[in-house]
Amino acid sequence: MWVLILIVSVILIWKFGFKGRNTSRKTYTSTGRNMNRDAAIMDSVSKIAANSTTKNGFYWANFRTRKPQTAVEIEKLLEKDMASLSDIDAFQLVTMLLRVSANSGLPIMELKNSVTEQLFNACESLADLEMIISRLKNEKINEAATFHINKDNTYSNLILEWAIEFKHKMLENKILKDWVMELGLDKNSIEQFESDCHRIGEELNIAPDISQFDREENRLIALAERGVEYINDTFRPLCNDGWSEALIFCTTCLIDLPTDYGNTLDMDKKEDRYYLLLHDKIIPDSSDFINSRIKFYNEEKAKMKIQPNYTPMFIYNAFYMNPMCDEPGVVTEFEESPLELLMFSGVLTKLQQFIAEEKNKI
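What you are looking at is a predicted structure, and each value in this text was computed from that prediction instead of being measured.

## Examining the side chain of Asn218
And then number 1: As for its position among the elements, Asn218 is in helix H10 (residues 216–234).
And then number 2: With relative accessibility at 8%, the residue Asn218 sits in the buried group.
And then number 3: Here Asn218 is in contact with Ile210, Ser211, Gln212, Phe213 and Leu277, once residues within four sequence places are set aside.

## Considering the packing of aromatic side chains
And then number 1: Inspection of the entire model under this criterion finds 19 aromatic pairs.
And then number 2: For the cation-ring pair, Arg99 lies above Phe147, with the distance from its terminal atom to the ring centre recorded as 3.7 Å.
And then number 3: The cationic tip of Arg236 hangs over the ring face of Tyr320; the distance from NZ or CZ to the ring centre is 4.7 Å.

## Here's the deal with the confidence of the model for the protein
And then number 1: Confidence in the prediction for the protein averages 84 pLDDT; 82% of positions are at 70 or higher.
And then number 2: Across residues 1–8, confidence stays below pLDDT 50; counting only partners more than four residues off in sequence or on other chains, it has twelve contacts.
And then number 3: Of the regions scoring below 50 in pLDDT, residues 18–33 engages in 16 contacts with residues more than four places distant in sequence or in other chains.

## Let's talk about the pattern of salt bridges
And then number 1: A complete count under the given rule lists 19 salt bridges for this structure.
And then number 2: The salt bridge involving Arg135 is made with Glu139; its shortest N-O contact spans 2.9 Å. One end of the pair is Arg135 and the other is Glu139, both in helix H7 (residues 126–147) and four residues apart, which spans about a single turn.
And then number 3: For Glu139, a relative accessible area of 7% puts it in the buried group.
And then number 4: Asp152 is the salt-bridge partner of Arg219, the closest N and O atoms lying 3.2 Å from each other. Of this pair, Arg219 sits in helix H10 while Asp152 sits in the loop between H7 and helix H8 (155–183); the two residues are 67 residues apart in sequence, bridging distant segments of the chain.
And then number 5: Salt bridges linked by common partners bring Lys140, Asp152, Asp214 and Arg219 together as one network.

## What to know about the environment of Pro107
And then number 1: Of note, Pro107 is situated in the loop between helix H5 (87–104) and helix H6 (111–122).
And then number 2: Expressed as a C-alpha distance, the spacing of Pro107 and Glu73, which sit 34 residues apart in the sequence, is 9.2 Å.

Procedures and definitions
Residues numbered from 1 in each chain as written. Predicted model: local features only at pLDDT ≥ 70, side-chain atom pairs only at ≥ 80, totals over all residues. Heavy atoms only, no water. Helix = DSSP H or I, 4+ residues; strand = E, 2+ residues; numbered from the N terminus. Buried < 20%, exposed > 50% of the residue type's maximum accessible area, 1.4 Å probe, protein only. Contact = heavy atoms within 4.5 Å. Phe/Tyr/Trp six-rings, centres within 6.5 Å; stacked < 30°, edge-to-face > 60°. Lys NZ or Arg CZ within 6 Å of the ring centre and 35° of its normal. pLDDT = per-residue confidence, 0-100. Salt bridge = Lys/Arg side-chain N within 4 Å of Asp/Glu carboxyl O.

Here it is in structure tokens:
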């Protein structure tokens, strides 16, 4: 029951402008009028952004000049460099937060604490939290349609990410408690042990776990994995190393990634967040290996496009004959039949068509 109450309250806040239990009917927002207004504004902004030559930083620079304190609060809450976003993304996030703050009666900086408190009170188990996370993934679609904004710029998505963060903390606390019991620590040692764990985690500077988020990059990596399954189902099964090779190939069909990644990632960039997701799925998870393969597959695809009779022998080599080898573009012996290569070439062509069609749905 608590879970249902939380979900309903969240929906009321962002969709109907409900301000809380003690608010009278007079303080309800006129939802129909505001929704129509928001939709019209978003349509106008979309058209302006489509024709704009400066799509990054212009809107945010103006907003920061007009409302510097609010701008600081927004960046702290979202933990984003807003200047790196496109103008339309920045506009949608800002107007979403201003709308939610006004409707809920909460300052922007208190929104996360309020949601976290509700999660703490509502979730007696991880199962409760999983139910909320699942529901929010659907609600973000409805909110995006209602306010004519990107799914990733909705308040439902923001709550979803806070809920996932809360889930990680619940799991971490459980692990810490298990270790405390295993080590038999007394009360005086527990606080120091937890402090040391937190400090070491910060020193290691481990990349955040974004695998359970529902952002565009998460949907793209899921599509890349569907592409690998397409190869498995329509041509030949892949071994584990071949699966990794195919995943990088499908990645090059979905998103343009640099080929000079190292140990530093900018989590404000979609490409870097995608790379983190890819990196965590590839074995070996060497940046040098992934960089070299991205370059290799891009070059091979370019040859296939320019030269109609070009056969993807080297891609076949990487997928099936010598996956994870140092030089996939070098083959000393090739005993597969020309028909096999011809079939493989056709599968790759259809695969790229499949990925392009499915990407448009994301």
